[in-house]
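# A structural walkthrough
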Amino acid sequence: MPQNKKPEDLRSYRWFGPDNMRGFSHRSRMKQLGYNREDFTGRPVIAILNTWSEINPCHAHLRERAEAVKKGVWKAGGFPVEIPAFSITETYAKPSPMLFRNLLSMDVEESLRSLPVDGTVLMGGCDKTTPGLLMGAMSMDLPAIFLPAGPMLRGNWNGQPLGSGTDLWKFWTERCAGTITADDWLNIENGIARSPGFCMTMGTAATMTALAEALGFTLPGASSIPAPDSNHVRMAMGCGERAVEMVWQDWKPSDFLTMESFENAIAVDMAIGGSTNAFIHLVAMAGRLGLKLELNRFDEIARRVPVLADIRPSGRFLMEDFFYAGGLRALMGEMKDLLHLDVLTVNGRSIGQNLEGAKVINPEVIRPREKALVESGGTAVLYGNLCPDGAVIKTSAATPALLRHTGPAVVFKDYNDMDARINRDDLNVTADSILVLQNAGPLGGPGMPEWGMLPIPKKLLPSGVRDMVRISDARMSGTAYGTCVLHVSPESFVGGPLALVRDGDLISLDVENRQLNLLISEEEFARRKAAWVKPEPKFKRGYQMLYAERVTQAHLGCDFDFLHDKMETAEPEIH
Ligand code: FES
């Protein structure tokens, strides 16, 4: 690619170049850090935006990895500066990590805008960090490359592999059913997270880093490398080098991201059996570029894309196996005819060029097309009178027999109500019931927590019930499974139809026809709607109040309405 910039054209030169009082001040403070003028003036300044934190185990290695990025930046003739970015730790951030994705995106955008930097390497991977980093970088639109944190190694219990989340749910259910001991439970706790890196099932982290690669935002193959692998160190160095080149070439997200890039990401999401959370994040990301991605587009693409990755929770293996099987490049190589191969990527080459030579090493893990895990429609978008703006179900992780089901509702008005009653012996529930959770959406949760995989009532466990139809306006962890209808929009907290469901109402789920309906008369529907009372807002101060006032519904990506568009980037005046 041609070099489009001279040293004096660099954005950072506005801070460090001028022979005036401000220029003096900016240079002298870099010298305070021990650098010479020629180290940082007229060289691409690369912001390494690092979501490392001691409270984020998925990113435990990123402090060290930033040093590898710096080596790459120096090697290519740039000047690295490591800058902390808000670390959203999926395990600990309450009330819901999703509440903070937009905050991270604003942190990224404003850090890049306010500081003397020319380009950025974005470091993250734990669920919301990937979309948060990418959304901020897309809004600011400086040259940017994403360094995925990488999955952790397989878990281990008595020689059997354990998967993050997926096996937690599975063995918790068994513990509740009394089929494993307290000692087993302790040993599972000891063995399920053995190294740095993000969850190694096809959860939201593995999904979103794979989609970052499918969008063209990473170096080829980057998203599949396990965090502790030395390939990951070399890839980090490569990101630093490439970021410097991108600055000279003035190669920005808006130069390579198109609607076709997002369609590729959706197709890859289906082929990996990805997390349903991807729907929300992709809609929000596309919005930052002014692209309107509608839920129907996901459904259309899902209908023609098979699930090829045999990874939990939809399949059998884990991300470490996926890497040894050839990784995402190999999987994308299997589905070339379903991708737009001409779209460009962060390295200046097309997706098609980046896939040259990719091959599947283990067809058990990355299935050939004729042996797909699910032939098509791994995730479906539903409409109907219960979800006029849509809802989502991951069919590849559901029980096929339940995909067409009519049953009476057992309604929980919020999470606490569900927690208090779900295991009571007097709960009026059978295997045919449909569990409904209200007030768990973007505003009701708040922050749309991952409560969508409601637990199976304890009284049904002894009879072998392990799955039921469950419906909510919540999200579901990508590591979770079951026949769970999620993201019902509009949510119950704002008066969506889900708020009107009552115990005993019949609900009909028909995935083949993409329908979800509450079977009550129109008159009764209208009567209940008129009687609905708007709840009190949950937040009264600070960021959370801003969130409550400006967040959009699930089908619009839960972005802030004032960020959900492409706007002219305002460069700061330098006084
Ligand atoms: Fe970080 Fe799962 S907790 S990715």
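In what follows, the accompanying structure is described.

How each quantity is defined
- Residues numbered from 1 in each chain as written.
- Predicted model: local features only at pLDDT ≥ 70, side-chain atom pairs only at ≥ 80, totals over all residues.
- Heavy atoms only, no water.
- Helix = DSSP H or I, 4+ residues; strand = E, 2+ residues; numbered from the N terminus.
- Contact = heavy atoms within 4.5 Å.
- Areas by Shrake-Rupley, 256 points an atom, 1.4 Å probe, with all protein chains shown as cover.
- Lys, Arg positive; Asp, Glu negative; His and termini not counted.
- Charge placed at Lys NZ, Arg CZ, Asp CG, Glu CD.
- Pairing = 2+ DSSP bridges.
- Axes fitted to C-alpha atoms, helices over the stretch in contact; angles between N-to-C directions.
- Parallel < 35°, antiparallel > 145°, perpendicular 65-115°, else oblique.
- Nonpolar A, V, L, I, M, F, W, Y, C, P; charged D, E, K, R; others polar.
- Phe/Tyr/Trp six-rings, centres within 6.5 Å; stacked < 30°, edge-to-face > 60°.
- Buried < 20%, exposed > 50% of the residue type's maximum accessible area, 1.4 Å probe, protein only.
- Right-handed = clockwise from strand over helix to strand, strands pointing away.
- Expected span 1.5 Å × (residues − 1).
- Salt bridge = Lys/Arg side-chain N within 4 Å of Asp/Glu carboxyl O.

### Quick notes on the overall build of the chain
Of the regular secondary structure elements, the chain holds 20 helices and 14 strands. Here the C-alpha coordinates of the chain stretch approximately 80 × 55 × 45 Å along the principal axes. For the chain, the share of sequence-separated contacts (at least 6 apart) that also reach a separation of at least 24 residues comes to 77%. Taken as a whole, the chain presents about 22,100 Å² of accessible surface, with 51% of it coming from carbon and sulfur. Here the chain contributes 61 positively and 69 negatively charged side chains, and the mean placements of these two sets differ by 3 Å.

### Points about the sheet that holds strand E4 (residues 144-148)
Pairing within the open sheet is parallel, and its four strands lie in the order E2-E1-E3-E4. Single-partner strands in this sheet number two, and they are strand E2 (79-84) and E4. Along the sheet, successive strands turn relative to each other by an average axial angle of 20 degrees, direction set aside. Here strand E1 (residues 45-50) pairs with strand E3 (residues 119-124) via five bridges, running parallel.

### Describing the packing of helix H7 (residues 166-177) against helix H8 (residues 182-191)
In contact at an axis separation of 11 Å, H7 and H8 are set at 170 degrees when each is read in the N-to-C sense. In terms of axis orientation, H7 runs roughly antiparallel to H8. Note on element contacts: H8 touches H7 through Ala182, Trp185 and Ile188, opposite Leu168, Phe171, Trp172 and Arg175. Across the contact of H7 with H8, the residue classes break down as six nonpolar, no polar and one charged.

### Observations concerning the packing of aromatic side chains
Counting across every chain of the model gives 17 aromatic pairs. A connected cluster of aromatic rings, assembled from ring pairs, spans Phe86, Phe100, Tyr543, Tyr547, Phe560 and Phe562.

### Observations regarding the sheet that holds strand E13 (residues 506-510)
One open sheet accounts for eight strands, arranged E7-E8-E12-E11-E10-E9-E13-E14; its pairing is mixed. The outermost strands of the open sheet, each flanked by one partner alone, are strand E7 (380-382) and strand E14 (515-518). Here the average twist between neighbouring strands, direction ignored, is 30 degrees. Alignment of E13 against E14, held across four bridges, turns out to be antiparallel. Residue pairing in the sheet places Ser508 in a bridge with Asn517 of E14.

### A look at the pairing of E3
For E3, a buried count of six out of six residues is recorded, marking the element as mostly surrounded by other parts of the structure. The two faces of E3 match: Gly119, Val121 and Met123 on one face and Thr120, Leu122 and Gly124 on the other face are all buried. Bridging between E3 and E4 involves five bridges; their strand directions are parallel. Bridge pairing links Gly124 to Pro148 in E4. With helix H6 (residues 129-140) bridging E3 and its parallel neighbour E4, the resulting β-α-β unit is right-handed.

### Some points on unusual backbone geometry
Going from Arg312 to Pro313, the amide bond is cis rather than trans, its omega being 10 degrees. Of note, Pro313 is situated in the loop between helix H14 (295-302) and helix H15 (319-324). A cis amide bond links Ser489 to the next residue, Pro490, at an omega of 0 degrees. With respect to the helices and strands, the residue Pro490 is situated in the loop between strand E12 (484-486) and E13. Even without glycine at this site, Arg514 takes up a positive phi of about 60 degrees. With respect to the helices and strands, Arg514 occurs in the loop between E13 and E14.

### Some details on helix H12 (residues 259-271)
The first and last C-alpha atoms of H12 sit 19 Å apart over 13 residues, in line with the 18 Å expected at 1.5 Å per residue. Taking burial as the measure, the 13 residues of H12 include eleven buried ones, the bulk of the element. Of the residues making up H12, those classed as buried are Ser261, Phe262, Glu263, Asn264, Ala265, Ile266, Ala267, Val268, Asp269, Met270 and Ala271. With its phi angle positive at about 65 degrees, Gly273 sits one or two positions after the end of H12.

### A short note on the pairing of strand E9 (residues 404-412)
One ladder, built from five bridges, connects E9 with E13; its direction is antiparallel. Its bridge partner being in E13, Pro408 is matched across the sheet by Leu506. Inspection of the sheet shows E9 paired to strand E10 (residues 434-437) by four bridges, in the parallel sense. Pairing of Val410 across the sheet is with Leu435, part of E10.

### Observations concerning the pattern of salt bridges
With the rule as written, the count across this model stands at 42 salt bridges. Glu110 is paired through a salt bridge with Arg113; the nearest N and O atoms lie 3.1 Å apart. Separated by three residues within a single helix, Glu110 and Arg113 lie in helix H5 (residues 101-114), roughly one turn from each other. Its salt-bridge partner being Glu524, residue Arg528 comes within 2.8 Å of it at the nearest N-O pair. One end of the pair is Arg528 and the other is Glu524, both in helix H19 (residues 522-531) and four residues apart, which spans about a single turn.

### A closer look at helix H13 (residues 277-288)
For H13, built from twelve residues, the straight-helix expectation of 16 Å at 1.5 Å per residue is met to within 8% by its first-to-last C-alpha distance of 17 Å. Taken across its twelve residues, H13 has twelve buried, putting it largely inside the fold. For H13, the set of buried residues is Asn277, Ala278, Phe279, Ile280, His281, Leu282, Val283, Ala284, Met285, Ala286, Gly287 and Arg288. The first or second residue beyond H13 is Gly290, which carries a positive phi of 80 degrees.

### Describing the environment of Arg316
Checked against the element boundaries, Arg316 lands in the loop between H14 and H15. With a relative accessible area of 43%, Arg316 lands in the partly exposed category. As for Arg316 and Ile280, which are separated by 36 residues in sequence, their C-alpha atoms are 26 Å apart. If we ignore the near neighbours within four places in the chain, the residues touching Arg316 are Asp310, Ile311, Glu364 and Arg367.

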